[in-house]
Amino acid sequence: MIKKVQIYKKDKWNMINAEVQGTRIVVRVISDQWGEDNYEFLSRPALMQWVEERFSPERYDGPEEERREIVEKFKEV
């Protein structure tokens, strides 16, 4: 069974989705600038380490409230 979670969606060209496929977690990042990137994680701690690095306050280019919301949604995956 595949569980799909929408983490973030601005429009049909800018979104982040996560799919839980058994023990694997696949994150799809779609942006109008970079196209689609897929990241595969074999554990939740590995996923959260990536999330903390990718969405750190220093690196995230957006409102702090939006950044916190994205991190919280990843914690629910």
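Refer to the structure printed above.
Let me begin by describing the structure that accompanies this report. Each chain carries its own residue numbering, running from 1 in the direction its sequence is written. At least 70 in pLDDT is required for a residue's local features to be given in this predicted model, at least 80 for side-chain atom pairs to be given and counted, and no such filter applies to totals for whole chains, interfaces and linings, which use all residues. The side-chain figures draw on all heavy atoms in the structure; neither hydrogens nor water molecules are used.

## A look at helix H2 (residues 64-75)
Consideration 1: Helix and strand assignments follow DSSP, with helices taken as H or I runs no shorter than four residues and strands as E runs no shorter than two, numbered in order from the N terminus. One fewer than the residue count of a helix, multiplied by 1.5 Å, yields its expected span. In a regular helix each residue adds 1.5 Å, so 12 residues correspond to 16 Å; H2 covers 17 Å between its end C-alpha atoms and thus fits that length.
Consideration 2: Relative accessible area decides the class of each residue, using a 1.4 Å probe on protein chains only: under 20% of the type maximum gives buried, over 50% gives exposed, and in between gives partly exposed. Restricting attention to buried positions, one finds in H2 the residues Arg67, Ile70, Val71 and Phe74. Taken down its axis, H2 places every buried residue within 95° of arc, on the same side.
Consideration 3: At its buried positions, H2 is contacted by strand E1 (2-11), strand E2 (14-21), strand E3 (24-31) and helix H1 (44-54). Directions from the helix axis toward the C-beta atoms define the arc. Any pair of residues with heavy atoms lying within 4.5 Å of one another is described as a contacting pair.

## Points about the environment of Gln6
Consideration 1: As for its placement among the helices and strands, Gln6 is situated in strand E1.
Consideration 2: The spacing of Gln6 and Val29 is 23 residues in sequence and 11 Å in space, taken between C-alpha atoms.
Consideration 3: Among residues more than four places away in sequence, those in contact with Gln6 are Ile16, Asn17 and Lys73.

## Considerations on the sheet that holds E3
Consideration 1: Any two strands between which DSSP finds at least two bridges are classified as paired. The sheet built from four strands is open, its strands ordered E1-E2-E3-E4 with antiparallel pairing. Either end of the sheet is taken by a strand with one partner, and the two such strands are E1 and strand E4 (35-41). Shown here is a sheet whose adjacent strand axes are inclined to one another by a mean of 10°, direction ignored.
Consideration 2: Throughout, an axis means a line fitted to C-alpha atoms (over the contacting stretch in the case of helices), and angles, computed between N-to-C directions, take values from 0 to 180 degrees. Sheet strands in contact with H1 are E3 and E4, and its direction is about 25° off that of E3.
Consideration 3: Where H2 meets the sheet, its contacts fall on E1, E2 and E3, and the angle it forms with E1 comes to roughly 170°.

## Focus: the packing of aromatic side chains
For any pair of aromatic rings, the description consists of the separation of the ring centres together with the inter-plane angle of the planes.
Consideration 1: Aromatic pairing here means that ring centres of Phe, Tyr or Trp (its six-membered ring) are within 6.5 Å. Orientation follows from the plane angle: under 30 degrees is stacked, over 60 is edge-to-face, and everything else is tilted. Inspection of the entire model under this criterion finds six aromatic pairs.
Consideration 2: Pairing Trp50 with Phe74 gives two aromatic rings, centres 6.1 Å apart and planes at 80°, and the pair type is edge-to-face. Here the residue Trp50 occupies a position in helix H1, and Phe74 occupies one in helix H2, the gap between them amounting to 24 residues.
Consideration 3: With relative accessibility at 1%, the residue Phe74 sits in the buried group.
Consideration 4: A centroid spacing of 6.0 Å and a plane angle of 40° characterise the contact between Phe55 and Phe74, whose relative ring orientation is tilted. Highlighted residues: Phe55 in the loop between H1 and H2 and Phe74 in helix H2, separated in sequence by 19 residues.

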